[in-house]
Amino acid sequence: MYSWVNLISAWAIPVIIVFIPLYAAYRKIAVYESFVDGAKEGFDTAIRIIPHLVGMMVAISVFRASGAMELMIGWIRPFCAMLGIPSEILPLAILRPITGAGSLAFTTDLLQQFGPDSMVGRIASTIQGSTDTTLYVITVYFGAIGIRKASYALKVGLISDAVGFVASIVICYLVFA
């Protein structure tokens, strides 16, 4: 089974890269012109996103530099200790909904400090893969297309991040402990 997964993984991207232009040629679609049109739209979108992106990055920097994150972790740590949740992953639980790059950097630090095969490393990796950057997505993408009322999306996104966080811990303890 493992060899089949490796084989599929090795060939998936090359097959897709060859298949799409061939299928477009079969359907008589101008591939290059479609690509250029999409790139133009992408550039316009990037220009509209920049102010929202800068605002989000400033907010993240203020959150971390002000000590608010450490204060929040200090409040949560005793509760997590009672439940057996490693306190080392708490900053990841706070950072992940806010920033992908910041949470990835923190996960990398955890993996270097504890190792990828440690329980902390496994939980951090699972959290990284099963949660999303909810606040970033809402700020940047909703802002780019002009959606102003995002409260329901925010609630659902943060609830799903919390579920992903808890499920990551439970599943890692069930599988690896």
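Topic: the overall build of the protein
At step 1: From N to C terminus, the protein includes eight helices and zero strands.
At step 2: Seen in sequence order, the protein has helices and strands lined up from the N terminus as α-α-α-α-α-α-α-α.
At step 3: A compact globule built from 177 residues would reach a C-alpha radius of gyration of about 16 Å, whereas the protein, at 21 Å, exceeds it by more than 25%.
At step 4: Across its three principal axes, the protein shows a C-alpha extent of roughly 65 × 50 × 30 Å.
At step 5: For the protein, with 177 residues in total, the buried portion stands at 27%.
At step 6: A separation threshold of at least 6 residues defines the contact pool for the protein, and within that pool the share at least 24 residues apart is 65%.
At step 7: Approximately 11,800 Å² of the protein is accessible, and the part contributed by carbon and sulfur atoms is 72%.
At step 8: Looking at charge distribution, the protein has the averaged site of its 11 positive side-chain charges lying 8 Å from that of its 10 negative ones.

As for the packing of aromatic side chains
At step 1: A full pass over the atoms with the stated rule returns three aromatic pairs.
At step 2: On the numbers, 5.7 Å between centres and 20° between planes, the contact of F19 with Y23 is stacked. Placement of the pair is F19 and Y23 together in helix α1 (residues 2-26), with a separation of four residues, close to one helical turn.
At step 3: We classify Y23 as partly exposed; its relative accessible area is 39%.
At step 4: Consider the rings of Y136 and Y141, whose centres lie 6.4 Å apart with planes at 85°: the pair is edge-to-face.
At step 5: Relative accessible area serves as the criterion here: at 22%, Y136 is assigned to the partly exposed category.
At step 6: Grouped by ring-pair contacts, the aromatic residues F19, Y23 and Y26 constitute a single cluster.

Some words on a nonpolar patch on the surface
At step 1: A cluster of nonpolar residues, W4, L7, W11, V15, I16, F19, I20, Y23 and Y26, forms a patch on the protein surface that exposes about 1,100 Å² of accessible area.
At step 2: In this structure, I16 sits in helix α1.

Topic: the pattern of salt bridges
Pairing of side chains with opposite charge becomes possible as their charged atoms draw close.
At step 1: Under the counting rule described, the total for this entry stands at one salt bridge.
At step 2: Across the pair R122 and D117 runs a salt bridge, and its minimum N-O distance is 3.9 Å.
At step 3: Using a relative accessible area of 24% as the deciding quantity, one classes R122 as partly exposed.

Concerning helix α2 (residues 31-65)
Note on helix geometry: an α-helix contains 3.6 residues per turn, so any two residues three or four positions apart are oriented the same way.
At step 1: Here α2 contains 35 residues, and its C-alpha end-to-end distance of 47 Å stays within 8% of the 51 Å for a straight helix at 1.5 Å per residue.
At step 2: At I49, α2 shows its largest bend, some 40°, and a proline, P51, comes one to four positions later.
At step 3: Those residues of α2 that fall on the buried side of the exposure criterion are I49, M56, I60 and F63.
At step 4: Count one or two residues on from α2 and you reach G67, which has phi positive near 90°.

Cut-offs applied
Residues numbered from 1 in each chain as written. Predicted model: local features only at pLDDT ≥ 70, side-chain atom pairs only at ≥ 80, totals over all residues. Heavy atoms only, no water. Helix = DSSP H or I, 4+ residues; strand = E, 2+ residues; numbered from the N terminus. Rg over C-alpha atoms; globule rule 2.2 N^0.38 Å. Buried < 20%, exposed > 50% of the residue type's maximum accessible area, 1.4 Å probe, protein only. Contact = heavy atoms within 4.5 Å. Areas by Shrake-Rupley, 256 points an atom, 1.4 Å probe, with all protein chains shown as cover. Lys, Arg positive; Asp, Glu negative; His and termini not counted. Charge placed at Lys NZ, Arg CZ, Asp CG, Glu CD. Phe/Tyr/Trp six-rings, centres within 6.5 Å; stacked < 30°, edge-to-face > 60°. Patch = residues over 30% accessible without salt bridge, like charges linked within 9 Å, V, L, I, M, F, W, Y side chains within 5 Å. Salt bridge = Lys/Arg side-chain N within 4 Å of Asp/Glu carboxyl O. Expected span 1.5 Å × (residues − 1). Bend = angle between axes of the 7 residues up to and from the residue.

In short, shape yes, function no, at least from these values alone.
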